[in-house]
Amino acid sequence: MTNSNSENTTVQVALRIRPLTQEDLVNLPSRFQRNVLSTSPFTPNQVIVHGDKKLTFNFDYVFGPETQQRDVYDISVRNMVDKFLEGFNVTILAYGQTSSGKTYTMGTSDSVSSIQESRGIIPRALHTLFSYISSAQFKSRKITMKVSFIEIYNEDLNDLLNDTDDDENKPQLLIREDSKGNIIWSGLQEIKVNSVEEVMGHLARGSLNRQVGATDMNSQSSRSHAIFSVTLCQQKQISTNGISSPTPLSRPSTPSTPTKLGSPPPRRLSKILDDGEWVTVTSKFNFVDLAGSERLKRTAVSGDRAKEGISINSGLLALGNVISALGDPSKARNTTHIPYRDSKLTRLLQDSLGGNAQTLMIACVSPAEYNISETINTLKYANRARNIKNSAIVNQEEAGWNDLEHLQVLVLKLRAEIKSIRLSSGINGSCPATPISDLELLEEQLKELQNSYAELTQKYAKASAELTEYQDNFDTTKFEESKNLFDKSFQQNVEPVINEYDKSISELEQQLALTRTSLNNSEKLVHDNELKLYEAEELNEQNRGIIGDLKNKIARLIERGETTENY
């Protein structure tokens, strides 16, 4: 009952280099403010790192510090909106160290009143999306759009659009997998929207509920990973042979007035059957704003902030392991297990990395020499991500096959048509108005629908019984005790290791600084000795010339003395 199109793609990667800010010039040591990243107009998709040794990386897109928000969107993102409207799942995720410009690029904290030039990817994508939907080519479709906003804070899932203060009555958020292997976020609130203004309002409301805090590197540091999702459901008509012939998407102009979702006029079931089949296409657009990787020494945090940093780094470490397992050719050949279940972040992104989605990763980096080690790590992970292969699928399901009411109406209609055909056959004797083969076909369709209806009824009853049993057996107290025990064990076992790791890094950095100072002194001493050696060689050369002149003079004097004796 499905009609699927698929595309085998790789994860696209865009690099964005943020400019040095006024805060950088004030807070960073002056000796580490040097720009270590460079691009060339002759190789626009290449970036060069000028560190201890020169490194070169290639990406699908490279945006320098002077690139505007509009250019990032038009060049790398707008075509993803086209894929989303075609029915593909799409994911855009921003990755990088803390204070590298991820939230600014994504536009997660934007609102309706944000300045047009500074708007990020999310508001621009929504304006394009609603412009398409309001165009003439979508008028014949029935369109429904919903949004959700989820946060991963200290490995807990939070619904940012659920403002209920009563935690006990909030639905539990769980990550599940359906029979087809697709990841489902159960318990998450999805809100129906009809305009850009409504979506931006929910985005702003959810951003206010998100965990943020001040560190030495960022006064508004995101302390959690966040995913803002837009789900689009399109009901459209296809020809009776099962092949749709969509028209190419034309670029609509930006609307001057708020656009709202429209729906085609309702059709009777018989009209739908006469004109062709209606299919439902559902696609999901995930905008992922990851919290930045950070070192406790540089952020100068403690207590809850330190715990947040450890949780953030743990999730990003798991993400890095998944990227390495999927994208590192040397590991991918020998890897049979992908560690998606190591963290909730990688579990949520399972479809986006190696699954059913068109994915764009935007790697955000700082050009300052002070951040060169984090920048190189980000570039390496982003470069590996380009090797990840996805298999994106568009599923077109005939409308009503999962709707019991629809199937009941269809069964009654087919029964009435069969009865009418039989009556017509009896009246006309040996010359029925409808061939017997058509009657048999209708009977087979009726039988198939009855079987589908019975199967769906059984599945519904079984699922209801399982849900009731699960609710009866679920022990909330034991779950909380287990969770608290895990958190305590995690903090006791992992936090000291992280602190010791940071301490070792600090000592190594100090030793490296001393070694560099000693090396500079040695180079200066060698240079001075080379100058002295050069001067000594010049003096020796002069002395050789003087000695040669004296020898010649002595030889001439001796020769004159011999001549005098002969006389």
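These notes cover the structure that comes with them. Since we're looking at a predicted model, the values are computed, not measured.

## Focus: the overall build of the chain
The secondary structure content of the chain amounts to 14 helices and 18 strands. The burial tally for the chain puts 39% of its 567 residues in the buried class. Long-range contacts, defined as pairs at least 24 residues apart, comprise 77% of the intrachain contacts of the chain with a sequence gap of at least 6. Carbon and sulfur atoms provide 51% of the accessible area of the chain, an area that totals close to 32200 Å².

## Here's the deal with the packing of helix α4 (residues 121–133) against helix α5 (residues 196–209)
Look at α4 against α5: their axes get within 10 Å of each other, and the N-to-C directions meet at 155°. Looking at the two axes, α4 sits roughly antiparallel to α5. Like other packed secondary-structure pairs, α4 and α5 cross with a definite hand, here right-handed. Of the residues in α5, those touching α4 at I122, P123, L126, H127 and F130 are V196, V199, M200 and L203.

## Side note on the pattern of salt bridges
Going through the model one piece at a time under the given rule, you end up with 8 salt bridges. Taking the shortest distance from any N to any O, the salt bridge between E7 and K83 comes out at 3.0 Å. Taken as a pair, E7 in strand β1 (residues 2–10) and K83 in helix α2 (residues 69–86) lie far apart in primary sequence, 76 residues in all. Among the salt bridges present, the one from R544 reaches E541, with a minimum N-O distance of 3.1 Å. In this pair, R544 and E541 both sit in helix α14 (residues 476–566), 3 residues apart, roughly one turn of the helix.

## Remarks on the packing of aromatic side chains
Tallied over the entire structure, the rule returns 7 aromatic pairs. Relative to F287, the ring of F285 lies with its centre 4.3 Å away and its plane at 5°, an arrangement referred to as stacked. A relative accessible area of 3% means that F285 is categorised as buried. Classification of F287 by relative accessible area gives buried; the value is 3%. An aromatic cluster is defined as three or more aromatic residues linked by ring pairs; in this entry it consists of F84, F285 and F287. Positioned above the aromatic ring of W185 is the side chain of K284, whose terminal nitrogen or guanidinium carbon lies 3.9 Å from the ring centre.

## Some remarks on the environment of V196
Inspection of the secondary structure puts V196 in helix α5. A sequence separation of 68 residues divides V196 from T128, and the C-alpha atoms of the two residues are 9.7 Å apart.

## Some remarks on the sheet that holds strand β3 (residues 37–40)
Taken in spatial order, the 3 strands line up as β3-β4-β5 in an open sheet, and their pairing is antiparallel. Looking at strand neighbours, the two that pair on one side only are β3 and β5 (54–58), the edges of this open sheet. Averaged over neighbouring strand pairs, the angle between their axes works out to 25° when direction is ignored. Alignment of β3 against strand β4 (residues 43–50), held across 4 bridges, turns out to be antiparallel. By the bridge assignment, T39 is partnered in β4 with V47.

## A short note on the nonpolar core
If you look at the biggest cluster of nonpolar residues, it comprises 44 residues, and the most contacted ones within it are F228, V230, F285 and F287. The dominant element in this core, judged by the number of residues it contributes, is α4, at 8 residues. When residues no more than four places from it in sequence are discounted, the contact partners of V230 are F84, L126, L129, M145, K146, V147, S283, K284, F285 and F287. By size, the runner-up hydrophobic cluster in this structure holds 42 residues, among which are V11, F59, V322 and I323.

## A few points about unusual backbone geometry
Even without being glycine, S99 reaches a positive phi, approximately 65°. Structurally, S99 can be placed in the loop between β7 (90–96) and α3 (102–106). Here the phi dihedral of E155 falls at roughly 65°; this positive angle occurs in a residue that is not glycine. Following the sequence through the fold, E155 ends up in the loop between β8 (142–153) and β9 (156–159). Residue classification places E155 among the partly exposed positions, given a relative accessible area of 26%.

## Quick notes on the pairing of strand β16 (residues 277–289)
Residues in a regular strand point their side chains to alternate faces of the sheet. Within β16, 10 of the 13 residues are buried, which leaves it mostly tucked inside the rest of the structure. Where β7 meets β16, 5 bridges bridge the pair, whose relative direction is parallel. Directly across from I92, in β16, lies its bridge partner F287. Pairing between strand β15 (residues 225–238) and β16: 13 bridges, direction antiparallel. Directly across from Q237, in β16, lies its bridge partner W278. Sheet topology note: the β16/strand β18 (residues 389–398) ladder contains 3 bridges and is antiparallel. When the sheet's bridge partners are listed, V279 is paired in β18 with E398.

## What about the side chain of R210?
Tracing the sequence through the fold places R210 in the loop between α5 and β13 (212–213). Under the relative-accessibility criterion, R210 is labelled buried at 7%. Beyond its immediate sequence surroundings of up to four residues, R210 is in contact with T103, T108, E151, L160, S222, S224, H225, A226, D289 and A291.

Parameters at a glance
- Every chain begins its residue count from 1, and numbering advances along the sequence as written.
- Given that this is a predicted model, residues contribute local features only at a pLDDT of at least 70 and side-chain atom pairs are listed and counted only at 80 or more, while totals for whole chains, interfaces and linings are drawn from all residues.
- Excluding hydrogens and water, the side-chain values take into account all heavy atoms of the structure.
- Only DSSP runs of H or I covering at least 4 residues are called helices, and only runs of E covering at least 2 are called strands; the numbering of each starts at the N terminus.
- Residue burial is assigned from relative accessible area. The probe radius is 1.4 Å, only protein chains are included, and a residue is buried under 20% of its type maximum, exposed over 50%, and partly exposed in between.
- By definition in these notes, contact holds between two residues if any of their heavy atoms fall within 4.5 Å.
- Reported accessibility uses the Shrake-Rupley method at a 1.4 Å probe radius. Residues are deemed covered only where the shown protein chains occlude them.
- Orientation is described by axes fitted as lines to C-alpha atoms, over the contacting stretch for helices, and by angles from 0 to 180 degrees between their N-to-C directions.
- Each angle is binned into one of four classes, with values under 35 degrees roughly parallel, values over 145 roughly antiparallel, values of 65 to 115 roughly perpendicular, and all other values oblique.
- By definition, any crossing whose near helix is turned counterclockwise from its far helix by less than a right angle is left-handed, and any crossing with a clockwise turn is right-handed.
- Each reported salt bridge corresponds to a side-chain nitrogen of Lys or Arg within 4 Å of a carboxyl oxygen of Asp or Glu.
- Planes of paired rings set the category: under 30 degrees apart is stacked, over 60 is edge-to-face and the rest tilted, where pairs are Phe, Tyr or Trp rings (Trp by its six-membered ring) whose centres lie within 6.5 Å.
- Throughout this description, the term charge over a ring refers to an Arg CZ or Lys NZ atom that lies within 6 Å of the ring centre and within 35 degrees of the ring normal.
- The criterion for strand pairing is that DSSP finds at least two bridges linking the strands in question.
- We define the nonpolar core as a collection of buried residues of types Ala, Val, Leu, Ile, Met, Phe, Trp, Tyr and Cys that are connected through side-chain atoms lying within 4.5 Å of one another.

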